Amino acid sequence: MSNKEVKTLDERIERIYRMAKEHFGEVRFTGIKKHTKIGWVAKVQFDEFDSLIAEGETAEEALKNLRKRLKRIIDRYNMV
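Now for a quick tour of the structure.

What counts and how
- Residues numbered from 1 in each chain as written.
- Predicted model: local features only at pLDDT ≥ 70, side-chain atom pairs only at ≥ 80, totals over all residues.
- Heavy atoms only, no water.
- Helix = DSSP H or I, 4+ residues; strand = E, 2+ residues; numbered from the N terminus.
- Buried < 20%, exposed > 50% of the residue type's maximum accessible area, 1.4 Å probe, protein only.
- Lys, Arg positive; Asp, Glu negative; His and termini not counted.
- Salt bridge = Lys/Arg side-chain N within 4 Å of Asp/Glu carboxyl O.
- Contact = heavy atoms within 4.5 Å.
- Pairing = 2+ DSSP bridges.
- Axes fitted to C-alpha atoms, helices over the stretch in contact; angles between N-to-C directions.
- Core = buried A, V, L, I, M, F, W, Y, C linked by side-chain atoms within 4.5 Å.
- 1 Å grid on protein atoms, 1.4 Å probe; cavity = no way out; pocket = protein on both sides within 12 Å on 5 of 7 lines; lining within 4 Å.
- Points joined across faces, edges and corners; volume = space filled by probe spheres on them.
- Nonpolar A, V, L, I, M, F, W, Y, C, P; charged D, E, K, R; others polar.

What follows is about the side chain of Arg 12. Mapped onto the elements of the fold, Arg 12 is located in helix 1 (residues 9–24). Buried charged residue Arg 12 carries no salt bridge. Nearest counter-charge: Glu 60, at 5.8 Å. Setting aside anything within four residues of it in sequence, one finds Arg 12 in contact with Lys 7, Glu 60, Leu 63 and Lys 64.

As structure tokens, this is what we get:
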């Protein structure tokens, strides 16, 4: 059994917000919402037009998927 600390949704959102702010600078919105047809949607909004979105069956899953997408983008940028 794992002794991994369980993170709250607020902690997950804060971590994603910090990652995005460090890499992209200005961040207007980071959060999650329940969509009636597709489940949970997690989003980071950078300005009026640019955003990253990830979906999941649960709020935690959507936030994990968003963090993975953000991390991949940052890693690709750092490889150049």
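Pairing is possible between side chains of opposite charge, provided their charged atoms come close. On inspection of all chains with the given rule, the structure shows two salt bridges. A salt bridge links Arg 18 to Glu 14, with the nearest nitrogen and oxygen atoms 3.8 Å apart. Within this pair, Arg 18 and its partner Glu 14 are both found in helix 1, separated by four residues, close to a single helical turn. The class for Glu 14 is partly exposed, based on a relative accessible area of 39%. In this structure, Lys 71 and Asp 75 form a salt bridge, with 3.8 Å as the shortest nitrogen-oxygen distance. In this pair, Lys 71 and Asp 75 both sit in helix 2 (residues 59–79), four residues apart, roughly one turn of the helix.

Another point: the sheet that holds strand 2 (residues 39–45). Backbone-to-backbone hydrogen bonds join strands into a sheet, with any given pair of strands oriented parallel or antiparallel. The strand order 1-2-3 describes an open sheet built from three strands, whose pairing is antiparallel. Among the strands making up the open sheet, the edge pair consists of strand 1 (29–35) and strand 3 (51–56). Pairwise comparison of adjacent strand axes, ignoring direction, gives a mean angle of 20° for this sheet. Across seven bridges, the pairing between strand 1 and strand 2 is antiparallel.

Turning to the nonpolar core, a few remarks are in order. The biggest cluster of nonpolar side chains holds 15 residues, and the ones touching the most others in it are Ile 16, Ala 20, Val 44, Phe 46, Leu 66 and Leu 70. Mapped onto this core, the elements with two or more residues apiece are helix 1, strand 2, strand 3 and helix 2. Top contributing element to this core by residue count: helix 2, with five residues. Once you skip the residues sitting within four places of it in the chain, Phe 46 turns out to touch Ala 20, Phe 24, Glu 26, Val 27, Arg 28, Ser 51 and Leu 52.

Looking now at the layout of surface pockets. Put simply, the largest pocket is a space of about 250 Å³. Along the walls of the largest pocket sit Lys 4, Glu 5, Val 6, Lys 7, Arg 12, Arg 15, Ile 16, Leu 63, Lys 64, Arg 67 and Lys 68, which together make up its complete lining. Put simply, the parts of the chain that give the lining of the largest pocket at least two residues each are helix 1 and helix 2. Here the lining of the largest pocket gets four residues from one element, more than from any other, and that element is helix 2. Taken together, the residues of the lining of the largest pocket break down into three nonpolar, no polar and eight charged.

Everything listed here is a matter of coordinates, which is why it stays silent on function.
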